[in-house]
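The chain contents come next:
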Amino acid sequence: MDDVRRRYRYGGPPELLATVDARHRGQPLDSAAAVDAWAAYAGADPFTYVVDADGLLLAADRRSEHVACAGGGDVLSAGEMSLRRADAGWAVAEVSNQSTGYAPEPASWPAVAAALDRAGIAHRGGFTAAFEFRRCPGCAELNLVKDGDYTCCLCEAPPPA
Ligand SMILES: [Zn+2]
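Residues numbered from 1 in each chain as written. Predicted model: local features only at pLDDT ≥ 70, side-chain atom pairs only at ≥ 80, totals over all residues. Heavy atoms only, no water.

A. Local environment of the packing of aromatic side chains. Tallied over the entire structure, the rule returns 4 aromatic pairs. Feature note: the residues Trp 38, Tyr 41 and Phe 47 constitute an aromatic cluster, connected by ring pairs. (Phe/Tyr/Trp six-rings, centres within 6.5 Å; stacked < 30°, edge-to-face > 60°.)

If you want it as C-alpha cells, here you go:
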C-alpha cells in the first residue's frame, strides 16, 4: 500500500485565497449521519469536494471554490461529485478531479477512494471523468486538457513540439 500520497497546494488566483476563512471550510463527510444530512441538502446535484491533507472528505456548494472548501489548505484531491441512493446508504453517481485551483492528477484517485470508504459512500473504483491539467509554457495559464488538445485557452499558444 503506497501511503506517500501527493499533496496539492492551491495554485489559483491569490485574490481568491485572500477571501478564504479557514474556520468555514466544507462540510466534513465522515459518518453515515453526515452523509445523510449532506445528501438531503444537495440532492442529486453535483457539489464541490476536496480531500484534505488528513484524508477527510469535505463538501461544499457547487458554486464554492475548492480553496474555500479546503479552508485554504493543501489537498490530496479535489473536484466535483454527485451522489445517488444505494441499496444501503449512498453511492457516487459522478466524480471528477476537475479543480483548476488545485489541478489534482487522475492518479490522486486512491485518496478519493479512501475518503469515500471512510464516509461509507460506495463507488466504482475510479473517477467517472478524469481531467489532465497543463500549465502553458507561454503565459502560465493552467489549462484543462480536453480531447488531447494542448492549445492554450488564454494565449492560444500551440502545444510544444
Ligand atoms: Zn498560454
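B. Quick peek at the pairing of strand β4 (residues 75-85). Most of β4 is tucked away, with 8 of its 11 residues classed as buried. Sheet analysis places strand β2 (residues 47-52) next to β4, joined by 6 bridges and oriented antiparallel. Paired with Asp 52 across the bridge in β4 is Val 75. Linking β4 to strand β5 (residues 90-95), which pair antiparallel, is a turn of 4 residues; within it Gly 89 sits at a positive phi near 80 degrees. (Buried < 20%, exposed > 50% of the residue type's maximum accessible area, 1.4 Å probe, protein only. Helix = DSSP H or I, 4+ residues; strand = E, 2+ residues; numbered from the N terminus. Pairing = 2+ DSSP bridges.)

C. Expanded view of the coordination of the zinc ion. For the zinc ion, the full set of protein donor atoms is Cys 136 (SG), Cys 139 (SG), Cys 152 (SG) and Cys 155 (SG), and the range of their distances to it is 2.2 to 2.4 Å. Around the zinc ion sit 4 donor atoms, and with donor-metal-donor angles ranging over 106 to 113 degrees the site reads as tetrahedral. (Donors = N, O, S within 2.8 Å, 3.2 Å for Na, K, Ca; no water. Tetrahedral: all angles 85-135°; square planar, octahedral: opposite > 155°, others 65-115°.)

D. Region of the structure containing the pattern of salt bridges. All chains considered together, the criterion is met by 7 salt bridges. Members of the salt-bridge network, linked through shared partners, are Arg 7, Arg 9 and Asp 74. (Salt bridge = Lys/Arg side-chain N within 4 Å of Asp/Glu carboxyl O.)

E. Structural context of the environment of Ala 70. Within the element layout of this structure, Ala 70 appears in the loop between α3 (66-69) and β4. Ala 70 sits 60 residues away from Tyr 10 along the chain, and the two C-alpha atoms are 9.4 Å apart. Once you skip the residues sitting within four places of it in the chain, Ala 70 turns out to touch Arg 25, Val 50, Leu 58, Val 75 and Tyr 102. (Contact = heavy atoms within 4.5 Å.)

F. Geometry of the domain arrangement of the chain. Annotation of the chain at the domain level lists domain 1 (14-130) and domain 2 (132-161). Computed from C-alpha atoms alone, the centre-to-centre distance between domain 1 and domain 2 is 26 Å. Opposite the 7 residues of domain 1 that make contact, domain 2 presents 4 residues. Buried surface at the junction of domain 1 and domain 2, both sides included, amounts to about 430 Å², of which 76% is carbon and sulfur. (Domains from an automatic or database assignment. Buried area = accessible area lost by both parts, 1.4 Å probe.)

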